[in-house]
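The primary structure of each chain is shown beneath.
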Amino acid sequence: MEKELLLMLPGPVPMPERVRLAMMRQAINHRSAEFGAAYADCVRVLKTAFGTTNDLMVISGSGTAGMEAAIANVGKDKEIACIVNGKFGERMLKISQRYGKAHEIKSEWGTPIDLAALEARLEQGAQVVTLVHNETSVGIRNPAQEVGKLAKKHDALFIMDGITSIGGDTVEADKWGVDIAITGSQKCLAAPAGLAMVSVSGRAWERLTKNPPYYLDLAAYKKSAAGTPMETPYTPAVPLFLALREACLIIEEEGLAARIARHHRMSGAVQAAAKAWGLSLFPKLDAKHGYSTTVTAVEYPAGVKDDEMRATIKKMGIVIAGGQDHLKGKIFRIGSMGAVSAPEILATLAATQHALKRSGFKVQGDGVAAACEVLG
Ligand SMILES: *Cc1c(COP(=O)(O)O)cnc(C)c1O
């Protein structure tokens, strides 16, 4: 049997056995008390991870379906300010261009978002703001709270992609004034790919577009979720819901605070290793931004080739991510989201250190030892 690879990616991530086994069963009716109870368990736990008491619905589709649902339901024909400092901010912009009048609030990838430009756009009448909280493509944590304040001040709706922060880092959707928050199943929740979760505020419900898309009509999801048993409007990806329920129960058992602390510790170990090797983290921060605690983006040193290094690491059974688009070959990214703990992180760092040396880079110091200091 071929050994399975250890995926240290910013999604998909390895799934606990309980999550995998939950999918291995006979079909159940999605209009049944049994399905309704599974859906209710998911929503209960997810509301804590989102930091919300708003309505929360699960859509069959990947995270991008959640992004599109948000924009299509409240952004149609609206002026939308899209904050972009990486690949997923750009995706929000592209979706917004399909539905409304999108205005890019642009920063170089991996650099701080431009709050002054956002405020100027809000003063010119932007009605909706989009932000990626944890920009996975560059490993930066954007200041969602600051964006929420500005959106509120100018009475705009705030859509936040929390796809790689929710369930792994602190998210307080209600406190931050997030009207629609989104996450996906295969990132910090450590569930299989294919589900998107969306929370919707009272303010957002009041401002729904008149002609929403059919499959992604959030009001239809709300109506079905309010029934007894709890349901989805159309046949959902039932096995994925059952797996998500296990993933959510695991989060509840670990405790959200402990889970977030673990993510901080694991990413802290990766950061310590990069520093010991003499490598730079990719994001350029100011006081309002932080390094991601779910994915760490590291700049390649001169001479180290991305495909060669990641091939060396893969030979040892571990998969890490490279850069996307123009960052291909410039950075590598190590995910620390989901169920990962010290064994996976240390193995990944040992393999990475070996691959760096093999590529001819003279590491300054022992990154694995530095990570052990953080984890031990
Ligand atoms: C992965 C990711 C997405 C896209 O999710 P899919 O499940 O691939 O559709 C969107 N935003 C962020 C920040 C992500 O990391």
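Refer to the structure presented above.
Here's a quick rundown of the structure. (Residues numbered from 1 in each chain as written. Predicted model: local features only at pLDDT ≥ 70, side-chain atom pairs only at ≥ 80, totals over all residues. Heavy atoms only, no water.)

Some remarks on unusual backbone geometry
Then, in step 1: With an omega of -5°, the peptide bond running from Gly11 to Pro12 counts as cis.
Then, in step 2: Note that Pro12 resides in the loop between strand S1 (6-7) and helix H1 (17-21).
Then, in step 3: With phi around 50°, Asp325 is a residue other than glycine that occupies positive phi space.
Then, in step 4: Overall, the relative accessible area of 41% leaves Asp325 in the partly exposed class. (Helix = DSSP H or I, 4+ residues; strand = E, 2+ residues; numbered from the N terminus. Buried < 20%, exposed > 50% of the residue type's maximum accessible area, 1.4 Å probe, protein only.)

Some points on the sheet that holds strand S6 (residues 134-135)
Then, in step 1: Within the open sheet, the three strands sit side by side as S6-S7-S11. Their pairing is antiparallel. Pairing within the sheet leaves two strands with one partner each, and these edge strands are S6 and strand S11 (290-291).
Then, in step 2: Sheet topology note: the S6/strand S7 (residues 140-141) ladder contains two bridges and is antiparallel. Pairing of Asn134 across the sheet is with Arg141, part of S7. (Pairing = 2+ DSSP bridges.)

Notes on the pairing of strand S3 (residues 79-84)
Then, in step 1: Most of S3 sits inside the fold, with five of its six residues counted as buried.
Then, in step 2: Crossover handedness for the path S3 to helix H4 (residues 87-99) to strand S4 (residues 101-106): right-handed.
Then, in step 3: The pairing of S3 with strand S5 (residues 128-132) spans three bridges and is parallel. Note on S5: the bridge partner recorded for Ile80 is Val128. (Right-handed = clockwise from strand over helix to strand, strands pointing away.)

Some thoughts on the site of the ligand
Then, in step 1: In the vicinity of the ligand, 14 residues are found, and the nearest of them are Ser62, Thr64, Thr136, Asp161 and Lys187.
Then, in step 2: At 2.5 Å from an oxygen atom of the ligand is found a side-chain nitrogen or oxygen belonging to Thr64.
Then, in step 3: Here Thr136 contributes a side-chain N or O atom positioned 2.5 Å from an oxygen atom of the ligand.
Then, in step 4: Protein burial of the ligand: of its 380 Å² of free accessible surface, 89% is covered by the chains. (Near = heavy atom within 4 Å. Polar contact = N/O pair within 3.5 Å; in protein donor to acceptor, adjacent residues only side chain to side chain. Areas by Shrake-Rupley, 256 points an atom, 1.4 Å probe, with all protein chains shown as cover.)

Remarks on the layout of surface pockets
Then, in step 1: Within this model, the largest pocket holds a volume of roughly 260 Å³.
Then, in step 2: Lining the largest pocket are Lys3, Glu4, Leu5, Leu6, Leu7, Val13, Pro14, Met15, Arg20, Ala339, Val340 and Glu344.
Then, in step 3: The class makeup of the residues in the lining of the largest pocket is eight nonpolar, no polar and four charged.
Then, in step 4: Of the pockets and cavities examined, the second largest pocket occupies roughly 160 Å³.
Then, in step 5: For the second largest pocket, the full set of lining residues is His133, Arg141, Asn142, Pro143, Ala144, Gln145, Glu146, Thr170, Trp176, Lys288, His289 and Gly290. (1 Å grid on protein atoms, 1.4 Å probe; cavity = no way out; pocket = protein on both sides within 12 Å on 5 of 7 lines; lining within 4 Å. Points joined across faces, edges and corners; volume = space filled by probe spheres on them. Nonpolar A, V, L, I, M, F, W, Y, C, P; charged D, E, K, R; others polar.)

Structural notes on empty space enclosed by the protein
One simple way to see leftover space: roll a probe sized like a water molecule over the atoms.
Then, in step 1: Overall, the coordinates contain one cavity of 30 Å³ or more when judged by the stated rule.
Then, in step 2: By volume, the largest cavity amounts to about 40 Å³.
Then, in step 3: In terms of lining, the largest cavity is formed by Val58, Ser60, Tyr215, Tyr221, Thr232, Pro233, Tyr234, Thr235 and Pro236.
Then, in step 4: Here the lining of the largest cavity is composed, by residue class, of six nonpolar, three polar and no charged.

A short note on the environment of Leu249
Then, in step 1: You can see Leu249 is positioned in helix H9 (residues 238-254).
Then, in step 2: Along the sequence, Leu249 and Ser185 sit 64 residues apart, while their C-alpha atoms lie 14 Å from each other.
Then, in step 3: Setting aside residues no more than four positions away along its own chain, Leu249 makes contact with Arg18, Asp41 and Arg44. (Contact = heavy atoms within 4.5 Å.)

As for the environment of Leu375
Then, in step 1: Its location among the elements puts Leu375 in helix H13 (residues 367-375).
Then, in step 2: Put simply, Leu375 and Gly177 are 198 residues apart on the chain and 35 Å apart in space, counted from C-alpha to C-alpha.
Then, in step 3: Residues contacting Leu375, with those up to four places away along its chain left out, are Arg265, Met266, Ala269, Ala342, Ile345 and Leu346.

Quick look at the packing of helix H12 (residues 342-358) against H13
Then, in step 1: The contact between H12 and H13 brings their axes to 9 Å, and the two run at 165°. On the basis of the axis angle, H12 is roughly antiparallel to H13. The way H12 lies across H13 gives a crossing that is right-handed. Contacts between H12 and H13 pair Ala342, Ile345, Leu346, Leu349, Ala350 and Gln353 from the former with Gly367, Val368, Ala371, Cys372 and Leu375 from the latter.
Then, in step 2: Here the residues of the contact of H12 with H13 are counted per class, giving nine nonpolar, two polar and no charged. (Axes fitted to C-alpha atoms, helices over the stretch in contact; angles between N-to-C directions. Parallel < 35°, antiparallel > 145°, perpendicular 65-115°, else oblique. Left-handed = near helix turned anticlockwise from the far one by under 90°.)

Some details on the pairing of strand S12 (residues 295-299)
Then, in step 1: Burial runs high along S12: four of the five residues are buried.
Then, in step 2: For S12 and strand S15 (residues 331-335), the ladder comprises five bridges, and the chain directions are antiparallel. Pairing of Ala297 across the sheet is with Arg333, part of S15.

Section: the side chain of Thr136
Then, in step 1: Within the secondary structure layout, Thr136 lies in the loop between S6 and S7.
Then, in step 2: Among residues more than four places away in sequence, those in contact with Thr136 are Pro10, Phe88, Thr164, Val295 and Arg333.

Some points on the packing of helix H2 (residues 33-50) against H9
Then, in step 1: Relative orientation of the contacting elements H2 and H9 amounts to 45°, with a least axis distance of 9 Å. Between H2 and H9, the angle is such that the two are oblique. The two elements H2 and H9 meet at a crossing, and its hand is left-handed. In contact with Glu34, Phe35, Ala37, Ala38, Tyr39, Asp41, Cys42, Arg44, Val45 and Leu46 of H2, H9 contributes Val238, Phe241, Leu242, Leu244, Arg245, Cys248, Leu249, Ile251 and Glu252.
Then, in step 2: Residues of the contact of H2 with H9, tallied by class, amount to 14 nonpolar, no polar and five charged.

Take it as geometry only, folks, not as evidence of what the structure does.
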